[in-house]
Amino acid sequence: MEKLCYMSALELGQKIQVGELQVREAVDSCLRQIAAVESSLHAFLARNEEGLEERICEVETGIREGRYSGPLAGVPAAVKDNICTRGLPTTCASKMLEHFVPTFDAEAVRRMEAEGMILLGKTNMDEFAMGSTTETSYFQITVNPWNREHVPGGSSGGSCAAVAAGEVPVALGSDTGGSIRQPASYCGVCGLKPTYGRVSRYGLIAYASSLDQIGPIGRTVADCAALFAVISGRDEKDSTSSGRPLETLKELISGGLKGMRIGVPKELFGEGTDEEVRKAILDAARSMKEQGAQMEEFSLGLTDYLIPAYYIIACAEASSNLERFDGVKYGYRSPEATELHEMYRKSRQEGFGAEVKRRILLGSFVLSSGYYDAYYLKALKAKALIKEEFDRAFEKYDCILAPAAPSTAPKLGTSLTSPLKMYLSDIDTVAVNLCGLPAVSVPCGLDSKGLPIGMQVIGNRFQEKKILQAAAAYEALRGGFTRAGLEWR
Amino acid sequence: MAKQYETVIGLEVHVELATATKIFCGCSTKFGGRPNTHTCPVCTGMPGSLPVLNQKVVEYALKLGLALNCEINRYCQFDRKNYFYPDNPQNYQISQLYLPICHDGYLEIDVSGEKKKIRIHEMHMEEDAGKLIHDEWEDCSLVDYNRSGVPLLEIVSEPDMRTAEEVIAYLEKLRMLCRYLGVSDCKLQEGSMRADVNLSVREAGSRGLGTRTEMKNLNSFKAITHAIEGERERQIELLADHRQVVQETRRWDDNKEASYGMRSKEDAKDYRYFPDPDLQPVVISDEWLKKLRGEQPEFQEERRERFQKAYGLSEYDAGILTQSRHLADLFETVADLSGFPKKTANWLMVEGLRILKEKGQEPEELSFTPKHLAELIQAVERGEINHANARLVFEQILDADVEPLHFMEEQGMRMVSDDGALAAAVEETLCENPKVVEEYRSGKEKVFGFLVGQVMKKMMGKADPGRVNELLKKRL
Ligand SMILES: [Zn+2]
């Protein structure tokens, strides 16, 4: 029999609901796997130990009494460390917030708790979600479960690695420019970046508010859809959250590929994209076509402007969002400082890592007087034009197919030396955030080094159903995906 | 001959809105709570918290904007003003720069009979900051975020004022509008109205503007007047001396009655304003505006004219009664209930305002049941209570909202109003004092007072002196 820790979240939930499996057994299987692999994986920054026993009992009783009757009740999960959890440290993988414990739960976490899910811990990430490898974490390096010499991707690298290695069946990540989809592709798991406004950002420590979105990570499309159904929906505490009606889990993943119009933008398959990645995705497209999808290559304009527009907007917002970390109210305060401005300067100098500082500087620059029009406003204009490009594409297509990243996971220690190169590798994912679109990354093969390749299915705003439906149908065609093959001991 | 100079003044006025909750969270705006008790993750800038706009703030801004004859930006947004200071928990203030809610309006002022339009450049919504308190004992600074996130409107005028009188008239008019609308209590001393004065001088007849300074920390009309006069002289002296006025912010010191330069604008901060991505743009619909237009109250001028016409009040009296919407409302209700508008006006203006002045209170603080005052006035007019006693009852109504008729009865102030008893007392008095009657009849009118006193004595004070006079005169 398959090891319990590799069972899908929905199957676990179903067995728990009918009494075939105890919540405790499900949790224990994860804890055993964590004990086995964590010392080399380093996916977790904090574990939810205190109160776990009590929570298991509470959920077991709740399930018996019918209070928790959803498909994920009793299912263990992990949460990225930039999402607030009451009483549990939330550090954004930064020295700045090393000892920060929130007084409230993020809305997405609150909804998971209300579903009866069991939170096992907080996962590693790039510092303040700034990075594509999880290597900018102040605390530790998470490795790729498929090959420990490679990065898991980022910034939600901890969550994706934990799910891939069977530590938890599902986890929450956040996606500002690809931070769910890219590590999901590197780790061979599924990751959904929902439409902007679908999931409340309340309790998500902001990187770039107009681009950030919390999303689910799982080993199957259905698991992602199930967790998405739990966390999505209007929240009064987030003015940007949407009240659009939601589909049920069943509606989200059923329907198949027949008659679906799918566009393949040739600009995202060109120079800079690994041949192996290109081939794997085009093969997947071919198999989808055989199932009745209409596949068509098309030209997506303005792709040269994606990276500059994204980094200007994201850094501008970040420079302001991160101002609150000043040593006054919470977080790191330099012990050296003797006067106010020195305290600001030293606390921020010592508390933030290099990549965070780079983006704060970049963002402060593009907002400063004299440059605002030339950079920030121009980036907003580019964003509006890129949106029009996608609007036009979605008049013709239900979904757009693209790589989740131009290559598979790079080796540890090779990315941070050239930030610009790292930024450029976000080419496949940032458009989705600029336009507020939903997109899912689903594994579609391995490269010659045995590292997973991810295919991205992008939809129009609020069309999660279409992309999940397409991804689920493709996943069924593809068949079971090889498990991360590491021997851990 | 010495050169003539003209003063050019523009105002930036902050008005604290009278909403029950803060602008971006549900915390109370009440004044005076223990430090950091009216706070939550949003107004203390906790990581992960998000602002949600209080619609009441927009409504108040629109109401004042309409009263100031402003254009309304039907699509406006909030911007972040970035600067580091501990009273500002996020290190950015949520304000409006690029698309403020109102712009291009005016306010008409009246200075010694001359009407003048002061143009409004723009008006925007923003959040207040917390308060820093320096603890000398511990040698550290503490911050209280109770005021953080309290809604403010900033009203920026054009440099259209020329004298301190015009400035005061502008502020009084603005305060009257805010109070009539109920959007703010506008107390300078408590900081719910704050005015920064931008002032420059230029040679009379010149059209260009001189270098201006901005004065802050002006907590009373007196301080504003003195600051303007002092700054005008200071600048004229500089110019007469062929020296430059430095563009700077100056802080008024109330104790020293002088202003001091704070920092020059040369090292002006770059606030890196940009639209706040956490908040959706505010879209103001036709229906909403229409509804608010319909709800605008009758302001002082219209009301004053109506009071003159409908109640026969003098312009002066009507002006005083309409200074405060609350006072005008009270007057109108009591006048209608009692049927004696002029008497009502007298009671409120002479006795009412005297008592308020003694207590150091504002007309807004009058809180009694209008019916009670109406009953008292009627009792006076029916001759059931003499004036001295009526004043006592009036004080009781203001203090404790007593029911006057009941109170008069209890205190034995109610006068015998049936003329029978009074007539008998008059007869008795005349019989008992034939000599005095004789003296009076022979032209010694001074003795009349003695007779009145005798009658009152018989009535144990419970008689209307006017009626006593009347009856006595008739019999003599
Ligand atoms: Zn609050």
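From N to C terminus, chain A includes 16 helices and eleven strands. Its C-alpha atoms give chain A a radius of gyration of 21 Å, near enough to 23 Å, the size a compact globule of 489 residues would have. A burial count over chain A gives 64% of its 489 residues as buried. The contacts of chain A with a sequence gap of at least 6 include a subset with a gap of at least 24, amounting to 77%. With an accessible surface of roughly 17400 Å², chain A has 51% of that area assigned to carbon and sulfur atoms. The positive charge centre, built from 55 side chains, and the negative charge centre, built from 62, are 2 Å apart in chain A.

Residues and elements named next belong to chain A. Direction vectors running N to C along helix 4 (residues 107-115) and helix 7 (residues 221-231) enclose 105°, while the axes themselves pass 8 Å from each other. Here helix 4 is positioned roughly perpendicular relative to helix 7, judged by the angle of their axes. The segment helix 4 lies against helix 7, with Ala108, Arg111, Met112 and Glu115 engaging Leu227, Val230 and Ile231. For the contact of helix 4 with helix 7, the class distribution of residues is five nonpolar, no polar and two charged.

This next bit is on a nonpolar patch on the surface. Nonpolar side chains collect at one region of the surface, where A:Phe365, A:Tyr371 and A:Tyr375 lie side by side and expose about 270 Å² of accessible area between them. Structurally, the position occupied by A:Tyr371 is in the loop between helix 12 (354-367) and helix 13 (372-396).

Residue-level contacts link 31 residues of chain B with 38 residues of chain A. Of all residues in chain B, B:Pro47, B:Phe84 and B:Arg272 bury the most surface against chain A, accounting for 23% of the area lost on that side. Taken together, the links from chain B to chain A amount to two salt bridges. In this structure, A:Arg201 and B:Asp278 form a salt bridge, with 3.2 Å as the shortest nitrogen-oxygen distance. Elements supplying a minimum of two residues to the side of chain B that touches chain A: strand 4 (79-82) and strand 15 (274-275) of chain B. Its residues placed into classes, the side of chain B that touches chain A shows 19 nonpolar, eight polar and four charged.

This part takes up the environment of A:Arg324. Note that A:Arg324 resides in the loop between helix 10 (306-321) and helix 11 (340-351). Using a relative accessible area of 6% as the deciding quantity, one classes A:Arg324 as buried. In this structure, A:Arg324 is in contact with A:Lys329, A:Tyr330, B:Gly45, B:Met46, B:Pro47, B:Ser49, B:Pro89, B:Gln90, B:Asn91 and B:Tyr92, ignoring residues within four places of it in sequence. Of note is the side chain of A:Arg324, whose polar atom sits 3.3 Å from the backbone oxygen of B:Gly45. There is a polar contact of 3.0 Å between the side chain of A:Arg324 and the side chain of B:Tyr92.

Here the focus is the coordination of the zinc ion. All names here are of chain B. Protein-derived ligands of the zinc ion are Cys25 (SG), Cys27 (SG), Cys40 (SG) and Cys43 (SG), with the metal-ligand distances lying across 2.3 Å. Taken together, the four donor atoms surrounding the zinc ion define angles of 101 to 115° at the centre, an arrangement classified as tetrahedral. Between consecutive donors of the zinc ion, the numbers of intervening residues give the motif C-x1-C-x12-C-x2-C. Looking at Cys27, the relative accessible area reads 9%, which means it is buried.

Residues and elements named next belong to chain B. Taken in spatial order, the three strands make up an open sheet running 5-4-15, and their pairing is antiparallel. Of all strands in the sheet, those bounded by a partner on one side alone are strand 5 (92-95) and strand 15. As paired strands, strand 4 and strand 5 are joined by four bridges and run antiparallel to one another. In the sheet register, Arg80 faces strand 5, and the bridge partner there is Ile94.

Among the nonpolar cores identified, the biggest contains 270 residues, and A:Phe128, B:Tyr170 and B:Ile224 are the most heavily contacted of them. Per-element tally for this core: the top contributor is helix 2 (residues 164-181) of chain B, with twelve residues. Per-domain counts for this core show at least three residues from each of domain 1 (5-288) and domain 2 (299-410) of chain B. When near neighbours in sequence (up to four residues on either side) are disregarded, A:Phe128 contacts A:Cys92, A:Ser94, A:Met96, A:Leu97, A:Ile205, A:Tyr207, A:Leu322, A:Phe325, A:Phe352 and A:Val356. The next biggest cluster of nonpolar side chains, apart from the first, holds 18 residues, and it includes B:Tyr440, B:Phe448, B:Val455 and B:Ala463.

Within the element layout of this structure, A:Ser209 appears in the loop between strand 5 (190-193) and strand 6 (213-218). Engagement of the side chain of A:Ser209 in a polar contact is seen with the side chain of A:Asn321, the distance being 3.1 Å. If we ignore the near neighbours within four places in the chain, the residues touching A:Ser209 are A:Tyr196, A:Arg201, A:Glu317, A:Asn321, B:Arg80, B:Pro277 and B:Asp278.

Residue and element names in this part refer to chain B. Here chain B is partitioned into domain 1 (5-288), domain 2 (299-410) and domain 3 (419-475). Computed from C-alpha atoms alone, the centre-to-centre distance between domain 1 and domain 2 is 36 Å. The interface of domain 1 with domain 2 comprises seven residues on the first partner and eleven residues on the second. Surface buried jointly by domain 1 and domain 2 totals about 850 Å² across both partners, of which 56% is contributed by carbon and sulfur atoms. One salt bridge in this structure joins Glu301 and Lys173, with 3.3 Å as the shortest N-O distance. In this assembly, domain 1 and domain 2 are joined by three residue pairs in polar contact (both at pLDDT 80 or more). Considering each element in turn, the side of domain 1 that touches domain 2 owes the most residues, six residues, to helix 2. Broken down by class, the residue content of the side of domain 1 that touches domain 2 amounts to five nonpolar, no polar and two charged.

Here is what the cut-offs are and how they apply
Residues numbered from 1 in each chain as written. Chains lettered and ligands numbered in written order. Predicted model: local features only at pLDDT ≥ 70, side-chain atom pairs only at ≥ 80, totals over all residues. Heavy atoms only, no water. Helix = DSSP H or I, 4+ residues; strand = E, 2+ residues; numbered from the N terminus. Rg over C-alpha atoms; globule rule 2.2 N^0.38 Å. Buried < 20%, exposed > 50% of the residue type's maximum accessible area, 1.4 Å probe, protein only. Contact = heavy atoms within 4.5 Å. Areas by Shrake-Rupley, 256 points an atom, 1.4 Å probe, with all protein chains shown as cover. Lys, Arg positive; Asp, Glu negative; His and termini not counted. Charge placed at Lys NZ, Arg CZ, Asp CG, Glu CD. Axes fitted to C-alpha atoms, helices over the stretch in contact; angles between N-to-C directions. Parallel < 35°, antiparallel > 145°, perpendicular 65-115°, else oblique. Nonpolar A, V, L, I, M, F, W, Y, C, P; charged D, E, K, R; others polar. Patch = residues over 30% accessible without salt bridge, like charges linked within 9 Å, V, L, I, M, F, W, Y side chains within 5 Å. Salt bridge = Lys/Arg side-chain N within 4 Å of Asp/Glu carboxyl O. Buried area = accessible area lost by both parts, 1.4 Å probe. Polar contact = N/O pair within 3.5 Å; in protein donor to acceptor, adjacent residues only side chain to side chain. Donors = N, O, S within 2.8 Å, 3.2 Å for Na, K, Ca; no water. Tetrahedral: all angles 85-135°; square planar, octahedral: opposite > 155°, others 65-115°. Pairing = 2+ DSSP bridges. Core = buried A, V, L, I, M, F, W, Y, C linked by side-chain atoms within 4.5 Å. Domains from an automatic or database assignment.

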